[in-house]
Amino acid sequence: MRLATLKFSTTLLLIATGLLFFVWSPSRTNMLQLAQDAIAQHHSDTGGQTASPNPSNRGADQEERVRQMLAHEYNQSYTTEKAINDLLGFKGKTADFLGYNSEARQWLIAESKGTNLNHAFDQLENTLLKLLDKYPNASVELRIYVNERTFKLLQSADGMAGWTIDGVGYLRAYNEAVGSVTDVLINGIKIITLQAL
Amino acid sequence: MKIDNHIPKMSIEVQSALRREANRAGGRSDAFDFALEHKGDIRTLEEEIQWYEELLANPSHATPGHPFAVGMSVRNHIDGLLPSLKDALRMIKQARAHSKNGAEDTLPETLADALHYERTIAKARSDAFTFARKCQGHVGVLLAAAQESEAFLSQATGYPRGDKSQRYGRAHYEEGYLSGLRDAIELLMRHANEGEPQPATTAA
């Protein structure tokens, strides 16, 4: 009798456990789904944080990073062609960045380029000449930011596309009339070349 | 081949001439590189050509010492670049005119091969002129280097001369390098004959 009662109780317990599992299982499925979503989310975040910039858009990424970095250093900054055109009163290609530090009374004209220094030089020159038309006594610094590969080529003995830089980073070129490498100047101002971060 | 160890000091004029040729050839190489990088896009090439033409037409850029003025290394590079951009554009237009589908977003294989070939030859020529300058115009050293290139090309039995396929890139480079070395030697000899200091000669 006791044995029969025990068997009956065991059977009831098994049925109850089965019912409980049946009731719980949807929430378990939900939990699994939540966990999977969390893992997927984690991977997505990780990818977003560590992914390299789109290779097809590396130049624009570099340009934007340079603009943002410089904007912190200058209390007046002009970071679009239109803004620079409007300030200086002309239409045409300009450098990427024009900034003014009122404490130091110093202007900065900066251009970010991957490889083509001819374009960079021309844009710096255009912007500087227009700035000096408007502010003839302006104190101006000129900078070109280039990518790592270009910077290393410029540092090498042979330079790149006729350009080279000295130990400080000043832009230079070989002058046949002098028979040596000389500083490249725009209105007497040297151009510092830096590697964009 | 025995090489004379004495390396004379080159005149500034000879150094400048070798630099000039190296920069011009480098400009040509960069022009074909530009065409390849932009997948033979005609509009991009035309815009670049126009940009350089306007740049050189600007009278303020002729000021002595300006990087775009004649006699500057940057200008020498552009003097090689601009006509070569036009060469590349002509090649692309001809290839597109003859291609059946006329697709403009891809480079037909033969066109890509031809652009690569021109780029490689020009790069090798630039390297040869730079080498000539770095070894101070030592003709013996240049002749030895030329012999090495000739030996490579004579042993490249599977390479059909004139085949521009990219799989023969090394042979193309040697062709360009040899051509550059020969021109560098000729330049040095010409200057020597015009009264420049005589570069060291090779004792066979």
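Draft legend 1. Just the overall build of chain A, in detail. A count of helices and strands for chain A gives five helices and nine strands. For chain A, buried positions account for 28% of its 197 residues.

Draft legend 2. Quick peek at the confidence of the model for chain B. All names here are of chain B. Model confidence for chain B is summarised by a mean pLDDT of 88, while 88% of its residues fall at 70 or above. Across residues 1-6, confidence stays below pLDDT 50; counting only partners more than four residues off in sequence or on other chains, it has 15 contacts. Low pLDDT, under 50, characterises residues 198-204; the stretch is placed with 26 contacts to residues that sit more than four places away or in other chains.

Draft legend 3. Region of interest: the pairing of strand S7 (residues 180-183) of chain A. Residues and elements named next belong to chain A. Where strand S6 (residues 171-175) meets S7, four bridges bridge the pair, whose relative direction is antiparallel. Within S7, the position partnered with Tyr174 by the bridge is Val181. Where S6 hands over to S7, the hairpin turn is made up of four residues, of which Gly179 adopts a positive phi near 80°.

Draft legend 4. Spatial organisation of the sheet that holds strand S4 (residues 140-146) of chain A. All names here are of chain A. Reading across the sheet, the six strands line up as S1-S2-S3-S4-S9-S8 and stay open at both edges, with mixed pairing between neighbours. Both edges of this open sheet fall to strand S1 (76-78) and strand S8 (185-186), since each of them pairs with a single strand only. Relative to strand S9 (residues 189-195), S8 runs antiparallel, the two sharing two bridges. Bridge pairing in S9 links Ile186 to Ile189.

Draft legend 5. Seen up close, the interface of chain A and chain B. Taken together, the 15 residues of chain A in the interface contact 18 residues of chain B. Elements with a minimum of two residues in the side of chain A that touches chain B: helix H4 (117-134) and S6 of chain A. Classifying every residue of the side of chain A that touches chain B gives seven nonpolar, five polar and three charged.

Reading the values: the criteria
Residues numbered from 1 in each chain as written. Chains lettered and ligands numbered in written order. Predicted model: local features only at pLDDT ≥ 70, side-chain atom pairs only at ≥ 80, totals over all residues. Helix = DSSP H or I, 4+ residues; strand = E, 2+ residues; numbered from the N terminus. Buried ≥ 20, exposed ≤ 12 C-beta atoms within 10 Å, placed from the backbone. pLDDT = per-residue confidence, 0-100. Contact = placed C-beta atoms within 7 Å. Pairing = 2+ DSSP bridges. Nonpolar A, V, L, I, M, F, W, Y, C, P; charged D, E, K, R; others polar.

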